[in-house]
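Analysis of the macromolecular model
Next come the chains, spelled out residue by residue.
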Amino acid sequence: MRHTTLAPHFVQLHHPVAGASHPELVAGLLETPARIAPKFFYDALGSRLFDAITELPEYYPTRTEAAVLAQHGADMARHVPEGAVMVDLGAGSCAKAARLFPVLQPAAYLPVDISVDYLRDTLAALQQRHPELPMLGLGMDFSARLSLGPAAGAWLAERALAEQPRLVFYPGSSIGNFTPDEALALLCQAHAVCRSGGAGGGLLIGVDRVKPRAVLEPAYDDALGVTAAFNRNLLLHVNRLLGADFAPAAWRHVGLYNAAESRIEMHLQATGAQTVRWPGGERAFADGERLHTENSYKWEPEAFEALLREAGFGEVRHWTDAQDWFSVFWAPA
């Protein structure tokens, strides 16, 4: 029997415009210390560099989370509602969600990512491999505001999926990019998305745990320099977006563990005094001055469970690996 392949649909809510005014970028560059939000890592090249990072021997989170999902996926499926609409936050290559399709059997798949072109390409390929699963890509900066919006609602209604429960899937420990207060705000928005469909919705989220510095720091400063390339590519993306003149070769990658804040920090450190200019502004950097590009908070399970409860979720379950390095939480809405 032949199956008809569905065409993936796409709603673009994030529209990066080269050379346009980016007040968030400008404000961050003018702060002391200067900073750039990690969402700006993910242009097309940045997304591919991150995929390469996940293959590095030092970068444990991806393979550890994959092992947790593989070992406990069947148990997770007993808690996740049947026939859910799967909303995949920061979907990237969509590979993590796709591995769960056989056990979770979603009724529809809605990947969300800020890297619009990259998501279009990966979604088109994924639809070919899963021809009968309805797919709607959402090009969105969910760090600013997480909401599926009216276009997604209309798409679901057309397919008689409006009353299906919502499963928000947020793998990869990217929740660590947010401060605890920011993470709480995002989790509250995720809770609202979970409750926007039928009963039984919830959140399935991957969270990196506190562990020794000797494990953490190499994961964010690998021997091959892929993470360094990923970090410096951020400057090329900012150049295009802002019309700036960063010289990536004049910046050194720094990855370190801040134990007091329980977070990995990534910075770019100026290798000489320089002034970066963009239309309407500039910023002087001293030799050795750092530009803060990412935090990755590490959580103890009890603290993250308390955060989920504060966001409105119910009785929380979590699964972990043999070393207790990584947890996947199920939080019903």
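Above: the structure in question.
To start, this report covers the structure provided alongside it. These numbers come from a predicted model, not from an experiment.

A few words now on the overall build of the chain. Looking only at helices and strands, the chain has 10 helices and 14 strands in total. Here the C-alpha radius of gyration of the chain, 20 Å, is about what a compact globule of 333 residues would show, namely 20 Å. Summarising its shape, the C-alpha atoms of the chain cover approximately 65 × 40 × 35 Å along the three principal directions. Each of the 333 residues in the chain was classed as buried or not, and the buried ones make up 54%.

Attention shifts here to the environment of Ala 286. Looking at the secondary structure, you find Ala 286 in the loop between strand 11 (281-285) and strand 12 (290-297). Among the residues examined, Ala 286 registers a relative accessible area of 41% and is labelled partly exposed. Spatially, the C-alpha atom of Ala 286 lies 37 Å from that of Leu 146, the residues being 140 residues apart in sequence. Once you skip the residues sitting within four places of it in the chain, Ala 286 turns out to touch Ala 270, Gly 272 and Ala 273.

As a further point, take the sheet that holds strand 12. Overall, mixed pairing links the 4 strands, which are arranged 2-12-9-8 in an open sheet. The open sheet has two edge strands with one neighbour each: strand 2 (34-35) and strand 8 (251-258). Sheet topology places strand 8 next to strand 9 (residues 263-270); 8 bridges connect them, and they run antiparallel. Each bridged residue has a counterpart across the sheet, and for Val 254 the counterpart in strand 9 is His 267.

Among the structural elements, Pro 81 can be located in the loop between helix 3 (60-77) and strand 3 (85-89). In this structure the C-alpha to C-alpha distance between Pro 81 and Cys 94, which are 13 residues apart in sequence, comes to 20 Å. For Pro 81, the contacting residues outside a window of four places in its chain are Pro 165, Gly 200, Gly 201 and Trp 330.

The next subject is the packing of aromatic side chains. The description of two aromatic rings rests on the distance between their centres and on the angle between their planes. Under the counting rule described, the total for this entry stands at 15 aromatic pairs. Measuring from centroid to centroid gives 6.1 Å for Tyr 42 and Phe 50, while their planes differ by 80 degrees, and the two rings are edge-to-face. Among the aromatic side chains, those forming a connected cluster through ring pairs are Phe 41, Tyr 42, Phe 50, Tyr 59, Tyr 220 and Phe 230. Its end group placed over the ring of Phe 10, Arg 120 keeps NZ or CZ at 4.2 Å from the ring centre. The ring centre of Phe 285 lies 5.0 Å from the NZ or CZ of Arg 283, which sits over that ring.

Our focus in this paragraph is the side chain of Gln 274. Here Gln 274 shows up in strand 10 (residues 274-278). Here Gly 272 takes part through its backbone oxygen, which lies 3.0 Å from a polar atom of the side chain of Gln 274. Gln 274 has contacts with Ala 250, Trp 251, Arg 283, Ala 284 and Phe 285, leaving out every residue within four places of it along the chain.

Throughout the structure, instances matching the rule amount to 15 salt bridges. Here Asp 208 makes a salt bridge to Lys 211, at a shortest N to O gap of 2.7 Å. When sorted by exposure, Asp 208 lands in the same class as Lys 211, which is buried. A salt bridge links Arg 277 to Glu 282; the nearest nitrogen and oxygen atoms lie 3.5 Å apart. Counted as one network, the salt bridges with shared partners bring together Glu 24, Lys 39 and Asp 141.

Quick look at helix 9 (residues 226-242) now. Between its terminal C-alpha atoms helix 9 stretches 25 Å, which fits the 24 Å expected from 17 residues at 1.5 Å a residue. Within helix 9, 13 of the 17 residues are buried, leaving the element largely enclosed by the surrounding structure. Downstream of helix 9 by one or two residues, Gly 243 has phi in the positive range, about 70 degrees.

What follows covers the sheet that holds strand 5 (residues 136-139). Ordered in space as 1-5-4-3-6-7-14-13, the 8 strands form an open sheet in which the pairing is mixed. The sheet is open, and its two edges are formed by strand 1 (9-12) and strand 13 (317-320), each paired on a single side. Here the strands of the sheet are splayed against their neighbours by 15 degrees on average, with no regard to which way each runs. Contacts from helix 6 (residues 149-158) reach strand 1, strand 3, strand 4 (108-113), strand 5 and strand 6 (166-170), with the element oriented near 165 degrees to strand 4.

Parameters and conventions
Residues numbered from 1 in each chain as written. Predicted model: local features only at pLDDT ≥ 70, side-chain atom pairs only at ≥ 80, totals over all residues. Heavy atoms only, no water. Helix = DSSP H or I, 4+ residues; strand = E, 2+ residues; numbered from the N terminus. Rg over C-alpha atoms; globule rule 2.2 N^0.38 Å. Buried < 20%, exposed > 50% of the residue type's maximum accessible area, 1.4 Å probe, protein only. Contact = heavy atoms within 4.5 Å. Pairing = 2+ DSSP bridges. Phe/Tyr/Trp six-rings, centres within 6.5 Å; stacked < 30°, edge-to-face > 60°. Lys NZ or Arg CZ within 6 Å of the ring centre and 35° of its normal. Polar contact = N/O pair within 3.5 Å; in protein donor to acceptor, adjacent residues only side chain to side chain. Salt bridge = Lys/Arg side-chain N within 4 Å of Asp/Glu carboxyl O. Expected span 1.5 Å × (residues − 1). Axes fitted to C-alpha atoms, helices over the stretch in contact; angles between N-to-C directions.

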